[in-house]
Structure formats: structure tokens, C-alpha cells
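Secondary and tertiary structure notes
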Amino acid sequence: MSASTFRTAEPVPASTRAGTQIRLSNVTKDYGLTHPAVDDVSLTIEPGEFMTLLGPSGSGKTTTLNLIAGFETLTTGAISFDGVDVSRLPPHKRNLGMLFQNYALFPHMTVAQNVAYPLRERRMSKPDIARKVAEVLELVQLTGRDGHYPAQLSGGQQQRVALARAIVFGPTALLLDEPLGALDRNLRATLQLEIRRIHREVGSTFVFVTHDQEEAMNLSDRIALFNDGRIEQLGRPEALYRSPETLFTARFLGDSTVFTLSQATGTTAVWEGEVWSVDSRTVSGLVREGRPAALVVRPEDVRIAADRDAVPPDANCAAAIVRDIEYMGAYRTAMLSLGGAGNVMGRARLDALESDLRIGQPVVAWWRVDRQRVVAG
Amino acid sequence: MPGLLRRLRPRPQWLLLVPALTLLAWILLVPLGNSFLRSVGNGDWTLRHYESLFTDGVTMRVLVRTALTAAAVTVIAFLLGYPYAYLMTRVGPRMRGVLLIIVLIPFWTSVMARNYAWIVILQRNGPVHSFFELFGLDVVLYGTVAGVTVAMSQVLLPFMVLPLFSALSGIDRRLLLAARGLGSHPLVAFWKIYWPLSRAGVVAGLILVFTLSLGFYVTPALLGSPQQSLVAQLLGQRTTLLLDFSGAGALGMLVLVVTLVLVAWANRLGGTISAIGVVAAARTKDQP
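Residues numbered from 1 in each chain as written. Chains lettered and ligands numbered in written order. Predicted model: local features only at pLDDT ≥ 70, side-chain atom pairs only at ≥ 80, totals over all residues. Heavy atoms only, no water.

Notes on the sheet that holds strand E17 (residues 315-327) of chain A
All names here are of chain A.
- Read from one edge to the other, the open sheet built from five strands follows the order E16-E20-E17-E18-E19, with strand pairing classed as antiparallel. Two strands close off the open sheet at either side, each with one partner strand: strand E16 (303-305) and strand E19 (344-350). Each neighbouring strand pair of the sheet contributes to a mean axis angle of 45°, computed without reference to strand direction.
- In this sheet, strand E18 (residues 332-338) lies alongside E17 in antiparallel orientation, the contact comprising seven bridges. Counterpart to Ile325 in the pairing with E18 is Ala334. (Pairing = 2+ DSSP bridges. Helix = DSSP H or I, 4+ residues; strand = E, 2+ residues; numbered from the N terminus. Axes fitted to C-alpha atoms, helices over the stretch in contact; angles between N-to-C directions.)

So, in C-alpha cells, the structure goes:
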């Protein structure tokens, strides 16, 4: 067996991680439609990394995963595992674990038979199979369910069986195709923790596809945000959230208040007659003179003041009217309409001092210059 | 009895069964009971009619021939029907409709028209004979068990295709992707995943076609020969020519028991009664 042999119990230190590097070079998948499903994507997934392919439906993230798995064939480009070109290899020779949204458990086999399936396909001896199955069922906390059929298990348990089956043979990498999509909110949270724990313990490369940005930010070492078959932005979750390069990224991850700028330079931004100061470090490198640009602010960075005199000097501000107040449990959010025309909707997370707002009240929304971001689009 | 009575406690919806049960009682149970009574001597209580089935030297030969013919028809229908049903699950809705119509054409054709068409096709100097003559062979299927088998396979193909299609279209194809991802060659994935999941449909189709073949009458009577008759012809002979209702009753009972045993066995192999039920609604007219 290779270095990626599955292990249990003691966590693998990051330095000796057993994962595989997956490299996509100029990968294109064209079904002959108006636009390629995956359009010249290059991406290197590091050994042991938890990489999430995030994006709306039709953005190419699932097609990319299927290309890595070998279920789809490349139109152009190449895919390699640890430097070995696998572009022409059929799925059953790629040695990948795969987790599907619908679990894809074999209904006519018991839990133990399902988990043993990849081992039997690899001609492992019976005692070894029994030992491995017991080990991995313990890892996913399903000991004692060996003899059950999938239909006798809950959704969460089924997905644990699928997870056990996907990692039991020490795959090169684990591909997860929206595995939590069919589960309810609480179960999702539990299984997210589970997946992270197993990623730490197994130490192999995980490629996770989801359209859920919270899930992506929760789980990932890095996120590749897909849009229209291309990678819109690649980076750590905090980087995507705090420093989006484009309007698409800003809108897709978290809530944003978006001001479409009529003019943007390295030092000022103009919106509806307001001239705001700009810190050049918060301007995306993709912003070009004369091209559309937008200023975005996160709800947690927007504060409310009674009038402009109350706004600190290192802040930008805009006139606003409180349209609604949402109670979120831990905090409340004000829905604002901003500017003279009031046609920009914004959100501000309220703190205790701002609790006496009334709906319809004219206020001033402000945010610190270093908490805003100027993006392309 | 109280336990049974409690379980059978009348519920209003049971009334919906009354018309069907009344009809069944008159057209099935009464004649069946009648046949049974005649087969055991009509009040004299004797098993000699059953004994003679095994000793008359004809019945057993015909039964074996019938069983072999039915088995051949079943195998042919399966070999044609499985790929056909598989194809039906892989094409678009429009093409699926076309395929369904093609397989159902024998249902919609008059029994006589269909059988005489087969006579034309299979007889001496017919297209099949001419085709084999190209290779210097003198093959006349008309009047042979082989000809009967071919014609019966055509008629019974829907009974194979429909339960198969119903079973195959219920199989999640992503399971095949999962199996390939786990290291199975596509053919292995088919054998280990797809085939076992299609088994209920396979059993339903096999049992349906086999039991229906056992009772075929018109096709063997028209296309076969009296020297190589099948069990339904034997029954016809005994009732209409020999007026041996007791012997016919005994033979009928034997065939009925064999069929019921087969159906019960099939049901144990995996919930096939419902699959059979769907298709049995469209039972062919080619029955005695």
C-alpha cells in the first residue's frame, strides 16, 4: 500500500500528513453548449488539504469534482495525482473515496457488506476485511450496526456508513459531493464536526463540493469559489470573506451592503454624491480605472448613528432609513434603505446601545474605512 | 375463532370488494369447484383420474413437453426482454413510449390475426423457409414445437419486459457510479449491484411468462401439430372430443397446483406478487 494507507485512533500530525496532491492544469469540460461547464480551471490541492469547491448550481463545481473522480472525461487539460497524470484513467483505477448527497449505499447489502465492498474489490483477505471494517465503523461511531441494512438506518447514520465505506480502503483522496445536503440543520452541524474530525485523523486530501457558504467556511482550509465554469476566487475562508476581489465573491459569501460606485480611485470612492475616503490596501487588485466597481461592507461593520455629527472621523457614512428589524436570537439586524433615493438595501448588526431604533426612523449608517472593501464588478 | 373474527372485523371499505368477489365466485370459484368435484369422481371419491394421469403414457409426456416449451419461451423472452427493458430506462420519454408501443403490439392484435400471420411466416415457402433455403437448409417451423415457441415468445415478451422495466427503472444509477468509484470495473459494478437489484423484476418476469406459457392453447393448436400437443390442447381434447370431464378436471387441477407452487416460490424469492399483479391486469386473450 502507498503512504496514503488509512489509519485510525491517533491523529496524524500535520507534518507527516498522508495525503496526495491533486493538480488540475487548464482543465476544460465543454458539452458543446453556449459556454463550457468548466472553463480553463487550474488548481493545485495540497496533500492533506481540505479544499472546498463552492458555487451556485451550474457554476461547474460538481463537474470539476466528476472530472477529478473520472466520471466525466476532460475536453482539454490534465489532472495529476502526486505528479502522475490520471487524465485517461477510468474511475475504478483512480483509488478515490467518494461521498454522495444521496449516500449511494447499496440497498441489498448490510452495513458491514457495504463497508467491505471496496476491500473485496481489492482482493483483501477475509480477516483483514473484518478488522478494517470494525476499525472504520468505530471511527464513524457505528459499532454494532454491522448487520443492519441501509433502509433501517437514519439519514445521518447512512451518511456515516457511506463515509466509512469511502475511507476504509485508504483512498488517494476523499471527494465529497454535497454530502450533507439531504440532512436537517442540527444533523448537518454534527456531521460537519464529524467530517472535520475524520479529516484530522485520516489526514488525507479532502475535496468537498457545496453551494452552502457557511458549510464551506466552517470546514475548509481553502475555498475555490466557482462562477460560470471558472474559479472566481481562491483562498482561505477568512480571505474570501474579508477581502473579496469581486462583487460576486462579496455577495456569495456572507451578507454585504453593496454600493455601486460611479467613480473609484486609490483614495476616494463616489456614490450618489457621497465622496468616501478609501484605504488603498482595501481595494481589490482587479479594480480598474473606468471599469465598474463597488464598495461592500459587512453587516457586523455597519453602525448606526443619529446624525452625521456622531460619526467618527475615520469613517464613511450614508443616510439611511430603518425599514425593518429582524430578531436573530443572539443579536438583531436592522434592514436599511440607504441614500437619497433609498434604493440600496443594507444590513447592520445591532449592538445593545442601538436597541431603541424604530421602523421608519431616519438615521446615518457608518463604517470604518478599514472595514470596507472596493471590489471589481 | 374470536381472534380471527377480531382481525376480520368489518370495516366499511371492505364493501368495495363485494362486486369483484361476487364476480370471481361465479366465474372462477364455482367452475373450479365443479372441476375439482368431477376430478375426484363427482361424489364417489376416487383418485383414479389422478392415477391415470401418471399411467396413461400420454399425459406425462405432454406435461414434460409443455414444461420444456414453456422454459424455452421463458429463456428467449428473458434474453430479448432484459436488454430491451434496460434500453427503455436509458432513453428519453418519447423513445420510451415508442419502445413500449412496439412491445405491446401483440396485445393489441387479434389472436387470430396474429396466429395466422405466424402461419404465413413460418409455413413452407414462407419468409422463414425461404431465408433458410438461402443456406441450403430445409427449415419449416410451422407444425413444430419450435414454431410454437417462437410465436409464444413474441406474445409473452410484454410480460417479461413490463415487470423488468418497472424493476430496472427503480434502480438508482448513482449506485453504479459509487461502485466504480470504489474500485469496480463497470461490468463488475453491473454484476454486483445492478443485477441483484433487478432480481425481483427478473423473477416476476420469469414466473409470469413460464406460468402463462403452461396454459397456452390457441397458438399451439394453430401452429403446432396434434402429434406434439401441449397440455392445453390435451385439456381441450378431453373436454370437447372425449367428453372426459373427470380426466380433464384432474389434469387441470395438477396444472393449477404446479402454477400456484411456482408463484408462491417466486413470492418468497422477493416481493414479486405486486409486480405480477400490475401486469396480470393486462392478461392476454390467448388463454383457454
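What about the confidence of the model for chain A?
- For chain A, mean pLDDT is 88; residues scoring 70 or higher make up 94% of the total.
- Under a pLDDT of 50 for its full length, residues 1-17 of chain A has, in the predicted model, 30 contacts with residues more than four places off or in other chains. (pLDDT = per-residue confidence, 0-100. Contact = heavy atoms within 4.5 Å.)

Thoughts on unusual backbone geometry
All names here are of chain A.
- The backbone of Asn26 sits at a positive phi, close to 45°, despite the residue not being glycine.
- On the secondary structure map, Asn26 appears in strand E1 (residues 22-29).
- Look at Asp228: it is not a glycine, yet its phi comes out positive at around 55°.
- For Asp228, the position within the fold is in the loop between strand E9 (222-227) and strand E10 (230-235).
- For Asp228, a relative accessible area of 49% gives the class partly exposed. (Buried < 20%, exposed > 50% of the residue type's maximum accessible area, 1.4 Å probe, protein only.)

Section: the confidence of the model for chain B
Residue and element names in this part refer to chain B.
- The share of residues in chain B with pLDDT of 70 or more is 90%, and the mean pLDDT across the chain is 83.
- With pLDDT under 50 throughout, residues 272-288 is counted as low confidence; its partners more than four residues away or in other chains account for 38 contacts.
- Scored by ipTM, the complex comes to 0.77, with pTM at 0.77.

Here we look at the environment of Pro220 of chain B
All names here are of chain B.
- Looking at the element boundaries, Pro220 is found in helix H12 (residues 218-223).
- Residue classification places Pro220 among the buried positions, given a relative accessible area of 1%.
- Each C-alpha atom of the pair Pro220 and Val98 lies 30 Å from the other, and the pair is 122 residues apart in sequence.
- The contact partners of Pro220, leaving out residues within four places of it in the chain, are Val148, Ser225, Leu230 and Gln233.

A look at the pattern of salt bridges
Residues and elements named next belong to chain A.
- Evaluation of the coordinates by the stated rule reveals 23 salt bridges over all chains.
- Its salt-bridge partner being Asp212, residue Arg188 comes within 3.2 Å of it at the nearest N-O pair. Within this pair, whereas Arg188 is found in helix H5 (residues 185-202), its partner Asp212 is found in the loop between strand E8 (205-210) and helix H6 (213-219), the two being separated by 24 residues in sequence.
- Take Asp212: its relative accessible area is 23%, and that puts it in the partly exposed class.
- One salt bridge connects Glu215 with Arg188, and the closest N-O pair in it is separated by 2.8 Å. One end of the pair, Glu215, is in helix H6; the other, Arg188, is in helix H5, with 27 residues separating them in the sequence.
- Residue Glu215 is classed as buried on the basis of its relative accessible area, which comes to 1%. (Salt bridge = Lys/Arg side-chain N within 4 Å of Asp/Glu carboxyl O.)

Quick notes on the interface of chain B and chain A
- Each side of the interface is counted separately: chain B has 19 residues, and chain A has 18 residues.
- Between chain B and chain A, roughly 1,700 Å² of surface is buried when both sides are summed, and carbon and sulfur atoms account for 64% of that area.
- Counting the contacts that link chain B with chain A gives one salt bridge.
- Residue Glu121 of chain A pairs with Lys192 of chain B through a salt bridge whose shortest N-O separation is 2.4 Å.
- Going through the elements one at a time, helix H9 (174-181) and helix H10 (186-197) of chain B are the ones with two or more residues in the side of chain B that touches chain A.
- Split by residue class, the side of chain B that touches chain A holds eleven nonpolar, four polar and four charged. (Buried area = accessible area lost by both parts, 1.4 Å probe. Nonpolar A, V, L, I, M, F, W, Y, C, P; charged D, E, K, R; others polar.)

Concerning the environment of Ala117 of chain B
- With respect to the element layout, Ala117 of chain B can be found in helix H6 (residues 111-122).
- Taking the C-alpha atoms as reference, Ala117 of chain B lies 23 Å from Thr66 of chain B; in sequence the two are 51 residues apart.

Topic: the side chain of Ser256 of chain A
- Position of Ser256 of chain A among the secondary structure elements: in the loop between helix H8 (247-252) and strand E11 (257-261).
- In terms of polar contacts, Ser256 of chain A uses its side chain to reach the side chain of Arg298 of chain A, at 2.8 Å. (Polar contact = N/O pair within 3.5 Å; in protein donor to acceptor, adjacent residues only side chain to side chain.)

A few points about the side chain of Glu178 of chain A
Residue and element names in this part refer to chain A.
- Mapped onto the elements of the fold, Glu178 is located in the loop between strand E7 (173-177) and H5.
- Among the polar contacts listed, one links the side chain of Glu178 to the side chain of His211, at a separation of 2.9 Å.
- In this structure, Glu178 is in contact with Lys61, Gln101, Val209, Thr210 and His211, ignoring residues within four places of it in sequence.

Details of the sheet that holds strand E13 (residues 268-271) of chain A
Residues and elements named next belong to chain A.
- Pairing within the open sheet is antiparallel, and its three strands lie in the order E12-E13-E14. Each edge of the sheet is formed by a strand with only one pairing partner; in this case those strands are strand E12 (263-264) and strand E14 (274-277).
- Two elements, E13 and E14, share four bridges in a ladder whose sense is antiparallel. The residue bridging Thr268 from the neighbouring strand is Ser277, located in E14.

Notes on the packing of helix H4 (residues 59-90) of chain B against H10 of chain B
Residue and element names in this part refer to chain B.
- Running from N to C, H4 and H10 cross one another at 90°; their axes reach a closest spacing of 14 Å. The orientation of H4 relative to H10 falls into the category roughly perpendicular. Where H4 approaches H10, its residues Phe78, Tyr82, Tyr86 and Thr89 are matched on the opposing element by Phe190, Tyr194 and Trp195.
- Its residues assigned to classes, the contact of H4 with H10 shows six nonpolar, one polar and no charged. (Parallel < 35°, antiparallel > 145°, perpendicular 65-115°, else oblique.)

Quick word on the environment of Ser337 of chain A
Residues and elements named next belong to chain A.
- In this fold, Ser337 is placed in strand E18.
- With 17 residues separating them along the chain, Ser337 and Ala320 place their C-alpha atoms 5.5 Å apart.
- Within polar-contact distance, the side chain of Ser337 engages the side chain of Arg323 at 2.9 Å.

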